[in-house]
Amino acid sequence: MAQLPLAGFNPRTLWKRYAVALSLIALCLLTTHLVQGWSLSRARNDAVWINDSGLQRSYASRILHQSLKQINAPSLEQGARLMKMVAEMESAHFRLSQMPGMSERLKAHYFDARAYPGSSLDPLVRRYLQDAKLIAEAQDVGRAAAYTNLEALGSGLLHTKLDEAVTILEEEALRKSQVSGRIQSWSFWGAVILLFIEAGAIFYPTQRLAVRAVDALKEANAKLAKQSERYKLANEKLLNLSEKNETAALHDPLTGLPNRRYLDEALSSRSAAAKAENATVTVMHVDLDRFKQINDTLGHAAGDFILKRVADVLRDRALAESFIARVGGDEFVILAPDNVESQALVNNAEAIINALGEPVLYQGTPCYFGASIGIGIASAKAGSADINRLLEDADIALYRAKEHGRGRVEVFSQTIKQEFEETKQISDDLLVAFGRDELMPDYQLQFCAKTQEIVGAEALARWHHPTHGKLAPAAFLDVAVSMNLMPRLDQVMLEKSKANLALFDAFGKPIPRIAINLSAPRLDEADFFTQIETIGIDP
């Protein structure tokens, strides 16, 4: 700024100095006005950008929460909500990435892979949105993998990058405010000095203008600070809500035990650790006996009471450091510690069965129930395939325990597996046998001891298996009972015996009567005699 002499000035040149002073004052005022307009414009733009950045961070948390809902309960409505959130986040990200006058620092944060190798914000956001779209649109198989990537980004690097973007925008807004404030201050004080020297008459309006400009900047900065604080509080609430939802998604609401999803994660983690340490992994599958009778007779409230009691017993009696989960209505799984001896596992399982066998009082009524336990053990040496089949092995052992009388412990073995597979094959073949007419009676004739004449015959069920030949009832009767196929087998024996009786008569070999073995429940049916009369048999 040019210095004007304070004394010895020429009155005839006063107008020139006055004109220069006015020009300088006008320049100061113009500078102040332009800076004020620029500052207000920049403040509004910064507010919009900070708002978009905060929204982008908020959308990221909401997308993660909505993705979890889509994983747990997939539906078109949930998917549509998720896609709407993705579109909103894309819109906010596009506005931010296309903002005019973006600083070099912000450009590097968004796009420069050299400054932030593999983790600049723009590709992270695009990956995050792509995974969210996959969760909204993909089938069940693709959603789990996409959600794993989404959760890793949303709760890790992406969250940090979005926070850094907000911080950068706030710091740049503050820096611009400080620069504009200094420029205004210089212009203001220059105008004050010139007013005191040459144009005191215009000092007051200039001062008022400067004060208003400063107040406007302070007010804008205060609003920006309050808005930023509100965004931070809202984001903290969303994070807390997300954590609560994550906890709820991994635990059974009735017993407080981990659920099946949490068990899968724990089993995967334990399997990886076992491979690294060359250890064994053990699963104990616990299934309650007679629980359905309690539920049916005393109601679901009693059933819930029993389940809570079972959860307490498992927490108290399971081996230390065991992972206990509820995986079904009355089914629980215990992931035992590594490298426990087989006999110790059996002893612990028997202790659990004994504890669960004690009666429980519910509203004064004693409830009697029990449990059966199947144990599956896999070694890391056996490879990942055996570890992944642990739950299936424990389930097969549990089936064997229930088959042999319940209230028992069975440890999985290849022998048990072979028997299970053979039983399953017989079950499948038996269902087909009815359609192929492979079941038919064989007859054991009955003779009179005095006359040696045929007085009757006993119809014996036989299965003409296409591979194993003729099979006696001992080979398939238990399977037929377990599959509730005895009524069909009884019907086949009655109809074929009636038809064969007529054939014997036609060939001149009449048989006075035929005895047929039927299942006990069939004899208890109220309309039993009506049924056999319908077939044409005279009882």
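Right above here is the structure, for reference.
Description of the structure in this document.

## Some thoughts on the nonpolar core
- Of all hydrophobic cores here, the largest spans 34 residues; its most connected members are Ile 63, Met 89, Leu 106, Leu 121, Tyr 128, Leu 150 and Leu 158.
- Broken down by secondary-structure element, the contributors of at least two residues to this core are α1 (14-72), α2 (76-97), α3 (104-111), α4 (121-137), α5 (140-154) and α6 (157-197).
- If you tally residues by element for this core, the top one is α4, at 8 residues.
- In contact with Leu 121, not counting residues within four places along its chain, are His 109, Tyr 110, Leu 158, Lys 161, Leu 162 and Ala 165.
- With 33 residues, the next largest nonpolar core counts Ile 306, Leu 314, Ala 318 and Ala 349 among its residues.

## As for helix α11 (residues 342-356)
- In this model α11 runs 21 Å from its N-terminal to its C-terminal C-alpha over 15 residues, within 8% of the 21 Å that 1.5 Å per residue would give.
- Among all positions in α11, only Leu 345, Val 346, Asn 348, Ala 349, Ile 352, Ile 353, Ala 355 and Leu 356 are buried.

## A short note on the environment of Asp 429
- Inspection of the secondary structure assignment puts Asp 429 in helix α14 (residues 414-436).
- Asp 429 sits in the partly exposed class, given a relative accessible area of 22%.
- In the structure, Asp 429 is positioned 36 residues away from His 465 in sequence and 8.4 Å away in space, judged by C-alpha atoms.
- Side chain to side chain, Asp 429 and His 465 meet in a polar contact 3.1 Å long.

## Here's the deal with the sheet that holds strand β3 (residues 331-336)
- The sheet built from 5 strands is open, its strands ordered β2-β3-β1-β6-β7 with mixed pairing. Lying at the two open borders of the sheet, with one neighbouring strand each, are β2 (323-326) and β7 (409-411). Taken over all neighbouring pairs, the strand axes of this sheet differ in orientation by 20° on average, direction set aside.
- Of the strands in this sheet, β1 (280-289), β2 and β3 are in contact with helix α8 (residues 260-277), which crosses β2 at around 150°.
- Contacts from helix α10 (residues 300-317) reach β1, β2 and β3 within the one sheet, and its direction differs from that of β3 by about 10°.

## Observations regarding a negative patch on the surface
- On the surface, Glu 392, Asp 395, Glu 421 and Glu 422 cluster together into a patch of negative charge.
- Contributions of two or more residues to the negative patch are made by α13 (390-403) and α14.
- Take Glu 392: it is sitting in helix α13.
- Since its relative accessible area comes to 45%, Glu 392 is described here as partly exposed.

## Let's talk about the packing of α13 against α14
- Interaxial distance between α13 and α14 falls to 10 Å at its minimum, and their mutual angle equals 75°. When the axes of α13 and α14 are compared, the pair comes out roughly perpendicular. Contact residues: α13 offers Ile 396, Tyr 399 and Arg 400, while α14 offers Ile 416, Lys 417, Glu 419, Phe 420 and Thr 423.
- Its residues assigned to classes, the contact of α13 with α14 shows 4 nonpolar, 1 polar and 3 charged.

## As for the environment of Thr 282
- Of note, Thr 282 is situated in strand β1.
- Taking the relative accessible area as the measure of exposure, Thr 282 reaches 0% and is therefore buried.
- Taking the C-alpha atoms as reference points, Thr 282 and Ile 377, 95 residues apart in sequence, are found 4.5 Å from one another.
- Each residue touching Thr 282, except ones within four places of it in the same chain, is listed here: Ile 334, Leu 335, Ala 336, Leu 345, Ile 375, Gly 376, Ile 377 and Leu 390.

## Remarks on the side chain of Arg 462
- Note that Arg 462 resides in strand β9 (residues 454-465).
- Nearest to the buried, unbridged Arg 462 among oppositely charged side chains is Asp 442, at 4.3 Å.
- Apart from the residues within four sequence positions on either side, Arg 462 is in contact with Glu 438, Leu 439, Met 440, Asp 442, Lys 470, Leu 471, Ala 472 and Pro 473.

## Some points on the pairing of β3
- Summarising burial for β3: 5 of the 6 residues are buried, a large majority.
- Of the strand pairs in this sheet, β1 and β3 are connected by 6 bridges, and their pairing is antiparallel. For Thr 282, the partnering residue across the bridge sits in β3 and is Ala 336.
- Where β2 lies against β3, 4 bridges are found, and the strand directions are antiparallel. Following the sheet pairing, Ile 324 is matched in β3 by Ile 334.
- Linkage of β2 to β3, two consecutive antiparallel strands, is achieved through a turn of 4 residues.

## Quick word on the pairing of β1
- Across the 10 residues that make up β1, a large majority, 10, are buried.
- Going residue by residue along β1, you find Thr 280, Thr 282, Met 284, Val 286 and Leu 288 tucked away on one face and Val 281, Val 283, His 285, Asp 287 and Asp 289 tucked away on the opposite face as well.
- Sheet analysis places β1 next to strand β6 (residues 370-379), joined by 10 bridges and oriented antiparallel. Residue pairing in the sheet places Val 281 in a bridge with Ala 378 of β6.

Rules behind the numbers
- Residues numbered from 1 in each chain as written.
- Predicted model: local features only at pLDDT ≥ 70, side-chain atom pairs only at ≥ 80, totals over all residues.
- Heavy atoms only, no water.
- Core = buried A, V, L, I, M, F, W, Y, C linked by side-chain atoms within 4.5 Å.
- Buried < 20%, exposed > 50% of the residue type's maximum accessible area, 1.4 Å probe, protein only.
- Helix = DSSP H or I, 4+ residues; strand = E, 2+ residues; numbered from the N terminus.
- Contact = heavy atoms within 4.5 Å.
- Expected span 1.5 Å × (residues − 1).
- Polar contact = N/O pair within 3.5 Å; in protein donor to acceptor, adjacent residues only side chain to side chain.
- Pairing = 2+ DSSP bridges.
- Axes fitted to C-alpha atoms, helices over the stretch in contact; angles between N-to-C directions.
- Patch = residues over 30% accessible without salt bridge, like charges linked within 9 Å, V, L, I, M, F, W, Y side chains within 5 Å.
- Areas by Shrake-Rupley, 256 points an atom, 1.4 Å probe, with all protein chains shown as cover.
- Salt bridge = Lys/Arg side-chain N within 4 Å of Asp/Glu carboxyl O.
- Lys, Arg positive; Asp, Glu negative; His and termini not counted.
- Charge placed at Lys NZ, Arg CZ, Asp CG, Glu CD.
- Parallel < 35°, antiparallel > 145°, perpendicular 65-115°, else oblique.
- Nonpolar A, V, L, I, M, F, W, Y, C, P; charged D, E, K, R; others polar.

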